[in-house]
Amino acid sequence: MTAPAGALPTLRRTPLSRLAGVDRLAVAGAVLLGIIVLAAVFAPWIAPYPEDGGSATHPTEALLPPSAEHWFGTDQVGRDVLSRVLFGARTSLVIVVAVLAISGTVGVILGVVAGYAGGWVRDVIMRVTDVFLAFPALLLSLALAVVLQPSVTTVIVAISATWWPWYTRLTASVASSVATRGFVDAARCLGVPAPLIVFRHVLPNALTPVLVQLSLDGGGVILTAAALSYLGLGAHEPTAEWGLMVEQGQALFTTNWWVVTFPGLAILITAFACNMLGEGLRARLAR
Amino acid sequence: MSDALISVRDLQVRIGDRVIATVPELDVARGECVAIVGESGSGKTTTLLAILGLLEGAAVTGSITVAGVDVLAAGPAELRRIRGSTVALVLQSPQSALNPTMRLGTLMRRALARHGVKGDEARARAERALADVLLPPEVLRRYPHQVSGGQAQRFAIALALALGAEVLLADEPTSALDVTVQAEVVAVLRRLHEERGLAVLLVSHDLALVSSIADRVVVMKDGAVVESGPAAGVFARPREQYTKDLIAAVPRLPGHSAEVQA
C-alpha cells in the first residue's frame, strides 16, 4: 500500500530522434518550399536582371531563347524570364501566406466556437458556412474580383472569402470531439470560464488536422491565384505574377515556348511542394 | 445541514421523459467519506455531475446545496467559484483529464491563478499538495503523456488539494488504472481522508476500495437508491438482495476470505 515517491526516470529529448520519425515526403516538401521562400526573399539579389522584375523593357532583346545570358530566355518586351519567375515567387508567397492567415484565422475561430458551443450557435455558424460553400469557389472569387479592382489585394480577399468555410467545418468537427474529452470537463470542474476553455484547452488540441489542411491548401491557393490572374482579375502588368505570365505567354507557346513554360513550371513545383509537405504531415498524423 | 458540505434532497434527473437518477437524500459532512456504489448505468456518475451543476440537456429537480450554495439556482460565476476551491472532481481516466498540450506545472499555475492564488503562494501550495500525494516536484515540468496513469491521477488529486478543495468528488478514480497503481491512489486518498479530514464523495463499483475507505455507503440500482447506511453495516448485513449480489460478485482468490472487510 505504499506509493513510490521515487524520482522520475529522465526523459530522452534529442531533437534528432524526433526528426527521424518525420516522413521523407514531408522533409522533401519542406526543403523545396524553403528553397522557394529563399528565392522569393532574395529575388532582388539573386535575379540576374533585377530591374526586369518590374517595368523595364528591352525591345531589342525580345523573345530570345534560353541561353547563357538568359537561362529561361526573354519575354515579349525583352525581360529576363528567370528574373520574373523569381520575383513572381514573391507575389505568389504573399498571396498564399495572406490567404491562409486570413481564412485560417477566421475559419478556425468560428469553427472552434461552433464545435465547443454546439446547439444554436453551431447551427447558425454552420448554416452561414454552408451558404458560402454552396457557391462554386472560383465563381465566387471571380464575382468578387470583378466587383473590386483587379489587384493582388483583390486576389487575396476573393480567395479568402471562399476558403475559410472549409476550415470552419474541419475545426468544428474536430473541436466537438475534443470538447467531449475528460480534460474539458475537468477544466469546467475547476471553474474555468468558457472562452478560456475554448481557446486554451479545445483549440490547441483541435489544431493539428487544420495545420495539415493549411499546408495542403497552399498549392490550391497558388493555383487559384494563378487562375484569377490568368483571367485578368488579379495582378496586372508590370507585376511579376506566374498566372499573369502564363496568360501573356500562352499565345507564343508554339513559337517561343519558354515564355509560358517556366512560370508554369514554377506554379507546378510550388503547388507540388505544398502537397508533399501536407501529405507527409498527414501520413505522420495517421500513424 | 450546517455541517453538511454537500446536501442533496429529492434529486431527480430526467432526460426527456426518462428518469435517469432519483436520490431522495444524500449528505456529505465535513471530513466524511461517502461512497455511491452500483453497476454501470445505475445513475452514480449522473448524481455526481448534477452536484457540480455540470449536467447539460437534462432536467434536474430537487435541491442541491454545496457549501451553502444552491447549485440549481446559482449563476455561472458563483458555480465557477465553488468548483475547484470547494468541490473538485477527480475523473475516471486520469490521462484524458489533463490537457495533452499543457505541462502539468502550467496547468497547476493557471488553475491556482484562476482562483486568485499567484506567485510564491502558488508555488508553496503546489509543492505542499504534490508532497501530500507523494509526487516529486519534477512532475510539473512534464506533459501528461510523460507521466504514468497513477501519477496523473495523483496529480489530479494534488490539483484539488492545492486549490483548497474541502470535498473531492471522485468518479471511479481507480477503474482505469492497473491493480498496483490503484493501490497508490487508494493509499493517497485514504491518507488524505483520515489524516487531513478531506471529505470524499466516491463513485465506484470497486467494493474493495469502498470498504477500505468509506464511512457511509449509498447503493444505487437503475437510477434509484436501494440501500444506504454506515459502510460497516451495509457490508456486514446487507438488507437488499441487490446489495448482497454486488458483494457476492467480488472475485476472491482461493484460500482468501472475502476481500470486502466489514
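Reading the values: the criteria
- Going along each chain's sequence as written, the residues are numbered from 1 onward.
- The naming scheme follows written order: chains are lettered A onward, ligands numbered 1 onward.
- Given that the model is predicted, a residue must reach a pLDDT of at least 70 before its local features are reported, and side-chain atom pairs must reach 80 or more before they are shown or counted; all residues, however, enter totals for whole chains, interfaces and linings.
- UniProt positions are given in the numbering used here, feature names are shortened, and annotations may be inferred rather than shown by experiment.
- Core membership is restricted to buried Ala, Val, Leu, Ile, Met, Phe, Trp, Tyr and Cys residues, and these are joined into a nonpolar core through C-beta atoms within 7 Å.
- The burial criterion counts other C-beta atoms lying within 10 Å of a residue's C-beta, which is placed from the backbone; the residue is buried at 20 or more, exposed at 12 or fewer, and partly exposed between these limits.
- Helix and strand definitions follow DSSP, with helices as H or I runs of at least four residues and strands as E runs of at least two, each counted in order from the N terminus.
- By definition, residues are in contact whenever their C-beta atoms, placed on the basis of the backbone, come within 7 Å of each other.
- Helix span is expected to be 1.5 Å times the residue number reduced by one.
- Bend is computed residue by residue as the angle between axes fitted to the seven residues ending at the residue and the seven residues starting at it.
- Strands were regarded as paired on the criterion that DSSP finds at least two bridges between them.

In the annotation of an unreviewed UniProt entry, the entry for chain B reads ABC transporter related protein, and the organism field reads Thermobispora bispora. What UniProt records for chain B under Sequence similarities (unreviewed entry) is the sentence "Belongs to the ABC transporter superfamily." For the record of chain B, the UniProt heading Subcellular location (unreviewed entry) holds the text "Cell membrane".

As recorded in an unreviewed UniProt entry, chain A goes by Binding-protein-dependent transport systems inner membrane component and comes from Thermobispora bispora. Turning to chain A, the UniProt annotation filed under Sequence similarities (unreviewed entry) states: "Belongs to the binding-protein-dependent transport system permease family." Per UniProt, chain A has the following entry under Subcellular location (unreviewed entry): "Cell membrane".

Engineer: Quick one: what's the story with the nonpolar core, residue by residue and with numbers?
Structural biologist: Residues Val202 of chain A together with Val167, Leu168 and Leu169 of chain B are the most contacted members of the largest nonpolar core, which totals 157 residues. If one sorts the elements of this core by residue count, helix α4 (residues 81–117) of chain A sits on top with 16 residues. What Val202 of chain A contacts, discounting residues up to four positions off in sequence, is Val112, Tyr116, Ala175, Val178, Ala179, Val184 and Ile197 of chain A. With eight residues, the next largest nonpolar core counts Ala26, Ala273, Cys274 and Met276 of chain A among its residues.

Engineer: Lay out the interface of chain A and chain B with the relevant residues and their values.
Structural biologist: Facing 21 residues of chain A, the contacting portion of chain B comprises 28 residues. At the level of elements, α8 (182–189) and α9 (194–230) of chain A are the ones that each hand at least two residues to the side of chain A that touches chain B.

Engineer: Describe the UniProt feature "domain: ABC transporter" (unreviewed entry) in chain B, listing the residues and the values that go with them.
Structural biologist: With numbering aligned to this structure, UniProt lists the feature "domain: ABC transporter" (unreviewed entry) at residues 6–247 of chain B. For residues 6–247 of chain B, the end-to-end C-alpha separation is 27 Å, with 39% helix and 27% strand making up the annotated structure.

Engineer: Summarise helix α7 (residues 152–178) of chain A; cite the residues concerned and give the values.
Structural biologist: Residue and element names in this part refer to chain A. Helix length check: α7 (27 residues) gives 38 Å between terminal C-alpha atoms against 39 Å at 1.5 Å per residue, within 8%. The largest bend in α7 is about 35°, located at Ala161, with the proline Pro165 one to four residues further on. Among the 27 residues of α7, 22 are classified as buried, and the element is accordingly described as predominantly covered.

Engineer: Explain unusual backbone geometry residue by residue, including any values.
Structural biologist: All names here are of chain B. The phi angle at Asp10 is positive, at roughly 50°, despite the residue not being glycine. Following the sequence through the fold, Asp10 ends up in strand β1 (residues 4–15). Unusually for a residue other than glycine, Glu172 sits at a positive phi of about 45°. In this fold, Glu172 is placed in the loop between β7 (167–171) and α6 (179–196).

Engineer: Provide a residue-level description of the pairing of strand β4 (residues 59–66) of chain B, including the pertinent values.
Structural biologist: Two strands pair when backbone bridges link them, and β1 of chain B and β4 of chain B are joined in this way by seven bridges, in the antiparallel orientation. What sits directly across from Gln12 of chain B, in β4 of chain B, is Thr61 of chain B.

Engineer: Describe the environment of Ala59 of chain B, and please don't skip the residues or the numbers.
Structural biologist: Here Ala59 of chain B lies in strand β4. Exposure remark for Ala59 of chain B: the 11 C-beta atoms within 10 Å place this residue in the exposed category.

Engineer: Which residues make up the pairing of strand β10 (residues 224–230) of chain B, and what are the values?
Structural biologist: Here strand β9 (residues 216–221) of chain B runs beside β10 of chain B; their pairing, made up of six bridges, is antiparallel. Counterpart to Met220 of chain B in the pairing with β10 of chain B is Val225 of chain B.

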